[in-house]
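As a plain string of letters, each chain reads:
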Amino acid sequence: MTKLRVGTRGSLLALTQTRLFTSLLCLKHPDLQIDEVLIQTQGDISTEPLNQAKTPGLFVSALRDALLSHEVDFIVHSLKDLPAQPFPGIDTACIPLREDSRDGFVSRGNIPLMQLPAGAVIGTSSPRRTARIRQLRPDLTVMSIRGNIDTRIAKVERGEFDATLLAMAGLKRIGRADVVCEIFDNTDFIPAAGQGALSIECRSEDSEIRELLAVLNDEETRLLVTAERHVLVGLDAGCATAIGAWASLDQGTLTLRAELSVESTGESQRVELSAELGLDECLRASELGLEIASRLKASPIAERVAWK
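First, a word on what this report is: a plain description of the structure on this page. Note that the structure is a prediction, hence the values are computed from the model and not measured. (Residues numbered from 1 in each chain as written. Predicted model: local features only at pLDDT ≥ 70, side-chain atom pairs only at ≥ 80, totals over all residues. Heavy atoms only, no water.)

## Here we look at a nonpolar patch on the surface
Taken together, the side chains of L20, L24 and L27 present a nonpolar region at the surface, about 300 Å² in accessible area. In this fold, L24 is placed in helix α1 (residues 12-28). Classification of L24 by relative accessible area gives partly exposed; the value is 40%. (Patch = residues over 30% accessible without salt bridge, like charges linked within 9 Å, V, L, I, M, F, W, Y side chains within 5 Å. Areas by Shrake-Rupley, 256 points an atom, 1.4 Å probe, with all protein chains shown as cover. Salt bridge = Lys/Arg side-chain N within 4 Å of Asp/Glu carboxyl O. Helix = DSSP H or I, 4+ residues; strand = E, 2+ residues; numbered from the N terminus. Buried < 20%, exposed > 50% of the residue type's maximum accessible area, 1.4 Å probe, protein only.)

## Focus: the sheet that holds strand β8 (residues 163-167)
Read from one edge to the other, the open sheet built from 5 strands follows the order β7-β6-β8-β5-β9, with strand pairing classed as mixed. Two strands lie at the open edges of the sheet, namely β7 (141-143) and β9 (182-183), each paired on one side alone. Judged from the 2 bridges that link them, strand β5 (residues 103-107) and β9 form a sheet pairing that is antiparallel. Bridge pairing in β9 links G104 to I183. (Pairing = 2+ DSSP bridges.)

## A few points about the nonpolar core
Judged by nonpolar contacts, the single largest core of 27 residues is most densely connected at V231, L254, L256, L260, I292 and L296. At the level of elements, α8 (219-235), β11 (242-250), β12 (253-261), β13 (268-276) and α9 (282-297) are the ones that each hand at least two residues to this core. Examining the composition of this core, we find that 6 residues originate from one element, α8, more than from any other. Apart from the residues within four sequence positions on either side, L296 is in contact with V231, L235, I243, A258, L260, Q269, V271 and A302. (Core = buried A, V, L, I, M, F, W, Y, C linked by side-chain atoms within 4.5 Å. Contact = heavy atoms within 4.5 Å.)

## Details of the environment of A258
Tracing the sequence through the fold places A258 in strand β12. The spacing of A258 and E220 is 38 residues in sequence and 19 Å in space, taken between C-alpha atoms. In contact with A258, other than residues within four places in its own chain, are I190, V231, G244, A245, Q269, R270, V271, I292 and L296.

## As for helix α4 (residues 127-136)
Because the α-helix completes a turn every 3.6 residues, residues three or four places apart line up on one side. In terms of burial, α4 is largely enclosed, as 7 of its 10 residues are buried. Listing the buried residues of α4 in full gives P127, R128, R129, T130, A131, R132 and I133.

## A few points about the pattern of salt bridges
As enumerated under the stated definition, the model contains 21 salt bridges in all. The partner of R108 in a salt bridge is D162, with the nearest N and O atoms 2.9 Å apart. Here R108, found in the loop between β5 and β6 (121-123), pairs with D162, found in the loop between α5 (149-157) and β8; they are 54 residues apart in sequence, far enough to count as distant. Between E259 and R270 there is a salt bridge; the shortest N-O distance is 3.0 Å. Of the two residues, E259 is situated in strand β12 and R270 in strand β13; the sequence distance between them amounts to 11 residues.

## Considering the state of the cysteines
Counted according to the given criterion, the structure contains 0 disulfides. For C202, which is in no disulfide, the shortest distance to another cysteine sulfur is to C94 and amounts to 10 Å. C94 supplies the cysteine sulfur nearest to C282, a cysteine that is in no disulfide, at a spacing of 13 Å. Classification of C282 by relative accessible area gives partly exposed; the value is 23%. (Disulfide = S-S within 2.5 Å.)

## Let's talk about unusual backbone geometry
Unlike most non-glycine residues, D236 shows phi in positive territory, near 55°. You can see D236 is positioned in the loop between α8 and β11. Accessibility expressed as a relative area gives 40% for D236, which makes it partly exposed.

## A few points about the side chain of R129
Tracing the backbone shows R129 in helix α4. When its relative accessible area of 8% is taken as the criterion, R129 is described as buried. Setting aside residues no more than four positions away along its own chain, R129 makes contact with D103, T124, L165, L166, A167, F189 and Q195.

## Digging into the environment of V215
Along the chain, V215 turns up in the loop between α7 (207-213) and α8. Residue V215 is classed as partly exposed on the basis of its relative accessible area of 37%. Along the sequence, V215 and H29 sit 186 residues apart, while their C-alpha atoms lie 9.2 Å from each other.

## Focus on the packing of aromatic side chains
Counted according to the given criterion, the structure contains 3 aromatic pairs. Aromatic rings pair up to connect F105, F184 and F189 into one cluster. (Phe/Tyr/Trp six-rings, centres within 6.5 Å; stacked < 30°, edge-to-face > 60°.)

## Some points on the environment of E220
Looking at where E220 falls in the secondary structure, it is placed in helix α8. Relative accessible area serves as the criterion here: at 36%, E220 is assigned to the partly exposed category. Placed 58 residues apart in sequence, E220 and G278 show a C-alpha to C-alpha distance of 9.0 Å. If we skip the residues at most four places from it in the chain, E220 touches L249 and L279.

## Concerning the sheet that holds β11
With antiparallel pairing, 3 strands are arranged side by side in an open sheet as β11-β12-β13. Two strands in the sheet have a free side with no partner beyond their single neighbour: β11 and β13. Neighbour-to-neighbour, the strand axes of this sheet turn through a mean angle of 10°, independent of strand direction. Inspection of the sheet shows β12 paired to β13 by 9 bridges, in the antiparallel sense. Directly across from R257, in β13, lies its bridge partner E272. Lying on the sheet, α4 is in contact with β11, β12 and β13; it crosses β11 at an angle near 90°. (Axes fitted to C-alpha atoms, helices over the stretch in contact; angles between N-to-C directions.)

Right under this line is the structure:
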């Protein structure tokens with residue numbers, strides 16, 4: 001029997017995502033035993049608004065430190081939490097099949113966004129979501145909100161906020177999708193790059209572990225998120241950047257859409273490009289993302305955007 005240790009945060013969502021992956025992995029490798037190692041990250045401790053964090057990868061660094069120090073053998077992340085640049089000594093061994101990449105709207109009384117009364121308070125710490133709300137409903141108030149999924153839902157139910165936005169992937173994984181009154185279409189409300197996908201990382205030197213993990217890799221998901229995340233790479237975007245990127249594949253045509261916004265005003269610039277790509281053409285997908293980033297950087301709005 002092969003024994004491996006997986007590093008994970010202790011939140012309900014992190015544990016659910018980790019256990020979802022490891023249960024599928026053990027089905028593929030029946031002789032595999034996986035032990036969980038809970039790791040507390042700076043993001044779990046800090047009360048600072050996420051978009052004002054001075055350290056990139058608040059929910060990531062402690063997990064990677066544990067991996068590199070051989071405390072664990074692999075780690076499971078929400079891909080959208082990862083800094084876009086590669087990390088020395090660590091490989092992405094697997095990107096499993098993506099969950100729902102859309103944003104969901106949770107409000108008191110199940111009132112859709114466009115029907116909320118003027119002055120209603122929306123809780124979000126995402127510059128991207130903040131900018132889009134201000135673009136669609138400049139008469140609403142947007143305030144920072146912290147906490148896990150259940151905490152944020154409870155804050156709305158208690159009346160601390162009139163509504164909040166959450167990733168449908170997380171809601172579905174923990175069985176709370178029923179609280180959503182509205183789901184935004186990705187072409188209208190462009191999600192965060194990699195939203196809904198997981199990233200499974202191991203040490204670069206561990207080729208055998210990488211091969212074990214790669215059995216659950218989904219080629220289409222990997223292709224799409226590669227395109228999306230290279231928009232971030234090309235922009236050198238940080239957690240304060242209001243940027244969304246979403247790629248779709250239809251009969252061999254990959255279409256990548258990205259929106260760069262000014263968080264404080266909702267002003268935005270969108271770029272969309274398409275290319276004929278095979279599932280193994282991640283390099284070309286990354287080039288598409290970099291081209292979109294180049295066009296966004298050259299747009300007039302780039303001078304007014306918060307980058308870090």
